[in-house]
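Here is how the chains run, residue by residue.
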Amino acid sequence: MIRTWRWFGKKDKITLAMLRQIGVQGIVTALHDIPNGEVWSREQIRDLRTYIESYGMTWSVVESLPVSEAIKYAGADRDRLISNYIESLRNLALEGVKNVCYNFMPVLDWARTDLLHPNPNGSSNLYFSHAQFAYFDIHILKRPGAEASWPANVLAEVEALKAKMTPEDEHNLVDTIIVKTQGFVSGNIKEGDEHPVELFRHLLSLYDGITADKLRENMRYFLNAIMPVCDEMDIRVCVHPDDPPFQILGLPRIVTCEADIEWFLNAVDNPHNCLTFCAGSLSAGSHNDVVALARKFAHRTSFVHLRSCHIFPNGDFTEASHLGGRANLIELVRIFEKQDPTLPMRVDHGMTMLGDESRGYNAGYSFLGRMFALGQVQGIIATVDNELGIEYKQPGFFE
Ligand code: DNO
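Just so you know, these numbers come straight off a predicted model, no measurement behind them.

Attention shifts here to the site of the ligand. Around the ligand lies a shell of 13 residues, among which Glu63, Ser64, Asp109, His349 and Tyr365 are the nearest. Contacts to the ligand include Asn103, whose side-chain N or O atom sits 2.9 Å from an oxygen atom. The fraction of the free accessible surface of the ligand (320 Å²) that becomes covered by protein chains is 99%. In the shell around the ligand, the residues fall into five nonpolar, four polar and four charged.

Right, here's the structure in full:
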């Protein structure tokens, strides 16, 4: 697999010169400054592409070309937004960038409740607590019907939390769930937005009456509309699974399991309609056998995220070591390397360690923690390549 790295553009504190030293071959990025729904011009794309190439790397994958909410809930201007999307895809392809990740999660992209959950070894990882999330849902967001949507054991934990949550804890929980995890992935709410909770409530209301089936129809409509440009320009678009892969906040989520993946691949049965195989997101659901999913869907995967989760008995999950957890990265590398050794792969998230915490990196996107994980994954790839008789080259060394 091609070793890639999610990089947030020229303002990223982690520079391309740094990435070159640690074996990164390809870059995963987006035009983060362009507002959601606007066209990415050819010039802007070229500028970033040539900058990446000046460091001897290529722009391997776009993550993400965001799908506007109105496309997901079928708002009045969805056709205009889809035409803009098509134009951006064409401009990307004209500049040679032909692998494009997106997601179809309504309102909230990925969800976590703690960004610095301590590990026994003194580092920290991201964490999702059902009770904390339910507390946010019931007592902060005050979503109608929220209480009825949580099981009794979680409600009991929420009651216990109620006795000890301070206003500061509540502020941090809001910041974690709807601000810090969202803004930098082109989410709806950014640092500095006023009244994030009110804004969030408004966004949720846009989905009143949108069932999972309606959302599926809207995804099919979107995919059918973009396939012609993908066919013409040979662009692979790859949906990112929902993270976590279960329903939250009463919103439908439709890329969570084997049946869901099968549905969207068959609904628009075109080799350009692909999957981002995010082992981390999929492994956060106890219903998913990640290795079995990889075996089944490797042929329609155009981008791989390597990460692994550990699920606790109460359903909470944390991000595990890249060599541990439920995902079995060693077997995944075997499957994907056999499928196509040129598939772009990025190490997803990593421990926050050895000072990462004070450097202001985006949540989950530490430098030392991800570098550590990339070192581990490069070792797996080199070993698997040796098993398979594929030549492995570590870039950046005299041969
Ligand atoms: C978080 C990521 C997601 C993902 C996007 C893809 O770290 O897993 O934000 O990149 O949803 O569109």
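Glancing now at the pairing of strand S3 (residues 58–63). Of all six residues in S3, five are buried, a share of seventy percent or more. Two elements, strand S2 (residues 26–29) and S3, share four bridges in a ladder whose sense is parallel. Bridged to Ile27 within S3 is Trp59. A crossover connection joins S2 to the parallel S3 through helix H2 (residues 42–53); in handedness this β-α-β unit is right-handed. Pairing of S3 with strand S4 (residues 99–103) involves two bridges; the strand directions are parallel. Bridged to Glu63 within S4 is Cys101.

Across three bridges, the pairing between strand S5 (residues 114–118) and strand S6 (residues 124–128) is antiparallel. By the bridge assignment for S6, Asp114 is matched with Tyr127. If you look at the hairpin formed by S5 and S6, you'll find five residues sitting between the two strands, and Gly122 has a positive phi there, around 95°.

The strand order around the closed barrel formed by eight strands is S1-S2-S3-S4-S7-S8-S9-S12, and the pairing between neighbours is parallel. Put simply, the sheet's adjacent strands are angled 30° from each other on average, direction ignored. Where strand S1 (residues 2–6) lies against strand S12 (residues 344–347), three bridges are found, and the strand directions are parallel. Note that in S12 the partner of Ile2 across the bridge is Pro344. Where H2 meets the sheet, it contacts S2 and S3, and its direction lies at approximately 130° from that of S3.

To continue, consider the packing of helix H12 (residues 290–297) against helix H13 (residues 329–339). Packing of H12 against H13 leaves a shortest axis separation of 10 Å and a crossing angle of 0°. By the angle between their axes, H12 is roughly parallel relative to H13. Contacts between H12 and H13 involve Val290, Val291, Ala294 and Arg295 from the first element and Glu331, Leu332, Ile335 and Phe336 from the second. Of the residues contributing to the contact of H12 with H13, the split by class is six nonpolar, no polar and two charged.

Our focus in this paragraph is the sheet that holds strand S11 (residues 317–319). Reading across the sheet, the four strands line up as S5-S6-S11-S10 and stay open at both edges, with antiparallel pairing between neighbours. The sheet is open, and its two edges are formed by S5 and strand S10 (309–311), each paired on a single side. Each strand of the sheet is rotated relative to its neighbour by a mean of 35°, with strand direction disregarded. One ladder, built from two bridges, connects S6 with S11; its direction is antiparallel. If you follow Tyr127 over to S11, its bridge partner there is Thr318.

Here is what the cut-offs are and how they apply
Residues numbered from 1 in each chain as written. Predicted model: local features only at pLDDT ≥ 70, side-chain atom pairs only at ≥ 80, totals over all residues. Heavy atoms only, no water. Near = heavy atom within 4 Å. Polar contact = N/O pair within 3.5 Å; in protein donor to acceptor, adjacent residues only side chain to side chain. Areas by Shrake-Rupley, 256 points an atom, 1.4 Å probe, with all protein chains shown as cover. Nonpolar A, V, L, I, M, F, W, Y, C, P; charged D, E, K, R; others polar. Buried < 20%, exposed > 50% of the residue type's maximum accessible area, 1.4 Å probe, protein only. Helix = DSSP H or I, 4+ residues; strand = E, 2+ residues; numbered from the N terminus. Pairing = 2+ DSSP bridges. Right-handed = clockwise from strand over helix to strand, strands pointing away. Axes fitted to C-alpha atoms, helices over the stretch in contact; angles between N-to-C directions. Contact = heavy atoms within 4.5 Å. Parallel < 35°, antiparallel > 145°, perpendicular 65-115°, else oblique.

Distances and angles like these do not, on their own, reveal function.
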